[in-house]
Amino acid sequence: MEGIEQRKLVADLSVYGCIEQLKYLYRGVIVAIQDFDYGETKVAFCRMRLTIDTEFSGTSGDGVPASLAQKEGWVARKDILSREFVEKAMALEREQKKH
């Protein structure tokens, strides 16, 4: 997946609220595995239950909002886009929302 196809995927994921940057480190348990078709590409995802890892996050957990202490959602089983690409796309989207 390259170029326009990557940008469209990031835009689609963002529009539907599928991309979230988390502040802390989490430990996760896989509760389901599923492949999703994206055009001609199959993308493998795991449904995960995440719990904040206080040891590696450098926090005792006190003062962490309940909405951040535990998360559940779909996580790609391997990198489908580079971190740099996603960060640039999200920064561009934030900039566009300002205007």
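Residues numbered from 1 in each chain as written. Predicted model: local features only at pLDDT ≥ 70, side-chain atom pairs only at ≥ 80, totals over all residues. Heavy atoms only, no water.

Asker: Which residues make up the nonpolar core, and what values go with them?
Answerer: Of all hydrophobic cores here, the largest spans seven residues; its members are Y24, Y26, C46, M48, L50, I52 and V64. Residues contacting C46, with those up to four places away along its chain left out, are I30, A32, I33, G73, W74, V75 and R77. (Core = buried A, V, L, I, M, F, W, Y, C linked by side-chain atoms within 4.5 Å. Buried < 20%, exposed > 50% of the residue type's maximum accessible area, 1.4 Å probe, protein only. Contact = heavy atoms within 4.5 Å.)

Asker: Go over the pattern of salt bridges with me, naming the residues and quoting the values.
Answerer: Charged atoms that come close allow side chains of opposite charge to pair. This model, assessed by the stated rule, comprises three salt bridges. We note a salt bridge from E72 to R47, for which the minimum N-O separation is 3.2 Å. With E72 in strand β3 (residues 70-76) and R47 in strand β2 (residues 41-52), this residue pair connects regions lying 25 residues apart in the sequence. Judged by its relative accessible area of 42%, E72 is partly exposed. (Salt bridge = Lys/Arg side-chain N within 4 Å of Asp/Glu carboxyl O. Helix = DSSP H or I, 4+ residues; strand = E, 2+ residues; numbered from the N terminus.)

Asker: Summarise helix α1 (residues 3-15); cite the residues concerned and give the values.
Answerer: For α1, built from 13 residues, the straight-helix expectation of 18 Å at 1.5 Å per residue is met to within 8% by its first-to-last C-alpha distance of 18 Å. Taken residue by residue, α1 has Q6, L9, V10 and S14 as its buried positions. On an axial view of α1, the arc spanned by its buried residues comes to 130°, and they lie on one face. Along α1, the residues that are exposed and aim more than 90 degrees away from the buried face are I4 and V15. If you follow the buried residues of α1, they end up packed against β1 (26-38) and α4 (83-98). In the stretch just after α1, G17 is the one whose phi turns positive, near 70°. (Expected span 1.5 Å × (residues − 1). Arc of directions from axis to C-beta.)

Asker: For the packing of aromatic side chains, give the residues involved together with the corresponding values.
Answerer: Tallying each qualifying case throughout the model produces two aromatic pairs. Measuring from centroid to centroid gives 5.5 Å for F36 and W74, while their planes differ by 85°, and the two rings are edge-to-face. Of this pair, F36 sits in strand β1 while W74 is found in strand β3, placing the two residues 38 residues apart along the sequence. Owing to a relative accessible area of 30%, F36 belongs among the partly exposed residues under this scheme. Linked through ring pairs, F36, F45 and W74 together constitute an aromatic cluster. (Phe/Tyr/Trp six-rings, centres within 6.5 Å; stacked < 30°, edge-to-face > 60°.)

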